[in-house]
Amino acid sequence: MGLFGDTMNLFGDTVDMKWDKDHDGNYHGHGYGMGEKYIFVGEYIHGTIWGDLLLFDNVTGQRILKAEMEDSMAHGRYEYYQKGTLCEKGMYRNGKKYFHVRFRDGKIYEYGFSKDDKLNGYGCTKDKYGQTYTSPNWDMGVINGLGCIQDTDKAVIFYGIFKNNLPLYECNEKHAMMLKLWAEKEVDHISIHCAESVLS
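Here the residue numbers are simple positions, counted from 1 along each chain's written sequence. For a predicted model such as this one, the threshold for reporting local features is a pLDDT of at least 70, and the threshold for listing and counting side-chain atom pairs is 80 or more; totals across whole chains, interfaces and linings nevertheless cover every residue. The side-chain figures draw on all heavy atoms in the structure; neither hydrogens nor water molecules are used.

Enquirer: Please clarify how the side chain of Lys97 should be interpreted in this entry.
Expert: For Lys97, the location among the structural elements is in strand E9 (residues 96-104). Here Glu88 takes part through its side chain, which lies 2.7 Å from a polar atom of the side chain of Lys97. Pairs of N or O atoms within 3.5 Å make up the polar contacts considered here, provided that, within protein, one atom can donate a hydrogen while the other can accept it, and that residues adjacent in sequence are counted only when both atoms are side-chain atoms. Separated by 2.5 Å, the side chains of Lys97 and Asp117 make a polar contact. When checking whether two residues touch, look at their non-hydrogen atoms; a contact exists if any pair is within 4.5 Å. In this structure, Lys97 is in contact with Tyr78, Tyr80, Glu88, Met91, Tyr92, Arg102, Ser114 and Asp117, ignoring residues within four places of it in sequence. The helix and strand labels rest on DSSP assignments: H or I over at least four residues marks a helix, E over at least two residues marks a strand, and numbering proceeds from the N terminus.

Enquirer: Help me understand the pairing of strand E1 (residues 7-10) in this model?
Expert: The two faces of the sheet receive side chains in turn, since in a regular strand these alternate between them. In this scheme, strands are said to pair when DSSP sees at least two bridges between them. Bridge count for E1 against strand E2 (residues 13-21) is four bridges, and the pairing is antiparallel. If you follow Met8 over to E2, its bridge partner there is Val15. Here E1 hands over to E2 after two residues, with Phe11 in that stretch at a positive phi of 55 degrees.

Enquirer: So what exactly am I meant to see when it comes to the packing of aromatic side chains here?
Expert: Working definition: an aromatic ring pair is given by the centre-to-centre distance plus the angle between the planes. Two aromatic rings, drawn from Phe, Tyr or Trp (for Trp, its six-membered ring), form a pair once their centres lie within 6.5 Å of each other, and the interplanar angle then sorts them: stacked below 30 degrees, edge-to-face above 60, tilted otherwise. Taken as a whole and assessed by the stated rule, the structure comprises 10 aromatic pairs. Note on Tyr27 and Tyr44: the rings are 5.3 Å apart at their centroids and 45 degrees apart in plane angle, and the pair reads as tilted. With Tyr27 in strand E3 (residues 27-34) and Tyr44 in strand E4 (residues 38-45), this pair connects stretches of sequence that are 17 residues apart. Seen from their ring centres, Tyr78 and Tyr92 are 4.9 Å apart, and the 70 degrees between their planes marks the pair as edge-to-face.

Enquirer: Can you walk me through the environment of Gly84 in this structure?
Expert: Looking at where Gly84 falls in the secondary structure, it is placed in the loop between strand E7 (73-82) and strand E8 (85-93). Given the relative accessible area of 43%, Gly84 is considered partly exposed. Considered as a pair, Gly84 and Phe103 are 19 residues apart in the sequence and their alpha carbons are 13 Å apart. Classification of residues uses two cut-offs on accessible area relative to the type maximum, computed with a 1.4 Å probe and protein chains only: under 20% is buried, over 50% is exposed, and between them is partly exposed.

Enquirer: Is there a simple way to explain the pattern of salt bridges in this structure?
Expert: Note on pairing: side chains with opposite charge can pair once their charged atoms come close. By definition here, a salt bridge exists when the distance from a side-chain nitrogen of Lys or Arg to a carboxyl oxygen of Asp or Glu is within 4 Å. Counted by the stated rule, this structure contains eight salt bridges. Ionic pairing is found between Arg102 and Glu88, a salt bridge with its closest N-O pair at 3.0 Å. Here Arg102, found in strand E9, pairs with Glu88, found in strand E8; they are 14 residues apart in sequence, far enough to count as distant. Residue Arg102 is classed as buried on the basis of its relative accessible area of 11%. With relative accessibility at 8%, the residue Glu88 sits in the buried group. Across the salt bridge formed by Arg102 and Glu110, the nearest N and O atoms sit 2.9 Å from each other. Grouping residues by exposure puts Arg102 and Glu110 together as buried.

Enquirer: Please explain the pairing of strand E5 (residues 48-57) as it appears in this structure.
Expert: As judged from the seven bridges shared by E4 and E5, these two strands associate in the antiparallel manner. Directly across from Glu43, in E5, lies its bridge partner Trp50. Taken together, E4 and the strand that follows it, E5, pair antiparallel across an intervening segment of two residues, in which His46 is found at a positive phi of about 50 degrees. In this structure, E5 lies alongside strand E6 (residues 63-70), joined through six bridges in antiparallel fashion. Bridging across to E6, Asp52 finds its partner in Glu68. Linking E5 to E6, which pair antiparallel, is a turn of five residues; within it Gly61 sits at a positive phi near 80 degrees.

What is shown is where atoms sit, not what they do.
What follows is the structure, encoded as structure tokens:
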């Protein structure tokens, strides 16, 4: 039908919709929307968005988001960009972030299952000192249960039980997703470093 000129509020931006409409007046087909802040590009099928939705900054033209949509809901892979650089990617399930991988200076610093944009379940993150925290027991961004700390050289410096992100005590508990770290904790890294320094 080719009806243009409608507006819609998307991400807090009033967007001039440039999609055709079907015979029932629903947006339909490939098109775009332009607002003061954002440009949206995607595919409507009888009023709902399906496939890739792309979001660009209207001032710089840089990509901000690419997300797979199903029935106007994020479902599948996504990518977030800051100033044109990929800073996060992962998976959405039924409109909620399910798994994320985050980048800093082009390198991964965090990955794992998500709930409300925080690690929840199995995940791994690096702190500002370069130490790596891994656990199958992340609970809304906090480790409660079995976890591990590795130093900047990836040597296991703590393997045990955490409470509210604080290491309480070391243990010998195995977990299917942490078997390599469990085996690594058994290695005496101090002895190895001493031997390496003597032999070099």
